Amino acid sequence: MNKGFILSDALINVLIVSSLCLLTMSIYRGVNNFDEGFIKYQERINEKYELLHNSLAECKRCLIEEEVFPLEP
């Protein structure tokens, strides 16, 4: 008996390895796209917060003229 690979066995192995490579590449692209999208999202949100912070006026010190809650009854 011949115990070596035949051409159909080699072709099946090549198809399996190619399928695994394609699956790995598609998963990598999906994760990479998610990471890039999340980084862009963070940058946009940070820009919005900076614009909001810059548009606020400076705080003025509040003066309390009388106590609202007396300490002793």
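Residues numbered from 1 in each chain as written. Predicted model: local features only at pLDDT ≥ 70, side-chain atom pairs only at ≥ 80, totals over all residues. Heavy atoms only, no water.

Here we come to the overall build of the chain. The helix and strand inventory of the chain stands at one helix and zero strands. Evaluated residue by residue, the chain yields a buried proportion of 0% over its 73 residues. Accessible surface computed for the chain: about 8,100 Å², of which carbon and sulfur atoms make up 64%. (Helix = DSSP H or I, 4+ residues; strand = E, 2+ residues; numbered from the N terminus. Buried < 20%, exposed > 50% of the residue type's maximum accessible area, 1.4 Å probe, protein only. Areas by Shrake-Rupley, 256 points an atom, 1.4 Å probe, with all protein chains shown as cover.)

A few words on the packing of aromatic side chains. Counted according to the given criterion, the structure contains two aromatic pairs. Taking 6.3 Å as the distance between ring centres and 15 degrees as the angle between the ring planes, the aromatic pair formed by F34 and F38 counts as stacked. Highlighted residues: F34 and F38, both in helix 1 (residues 7-55), separated by four residues, approximately one helical turn. A residue is classified by how much of its surface remains accessible, and F34, at 57% relative accessible area, is exposed. Through successive ring pairs, a cluster of aromatic residues spans F34, F38 and Y41. (Phe/Tyr/Trp six-rings, centres within 6.5 Å; stacked < 30°, edge-to-face > 60°.)

A surface patch of nonpolar side chains, about 560 Å² in accessible area, is lined by I12, I16, L20, L23, I27 and V31. Mapped onto the fold, L23 is located in helix 1. (Patch = residues over 30% accessible without salt bridge, like charges linked within 9 Å, V, L, I, M, F, W, Y side chains within 5 Å. Salt bridge = Lys/Arg side-chain N within 4 Å of Asp/Glu carboxyl O.)

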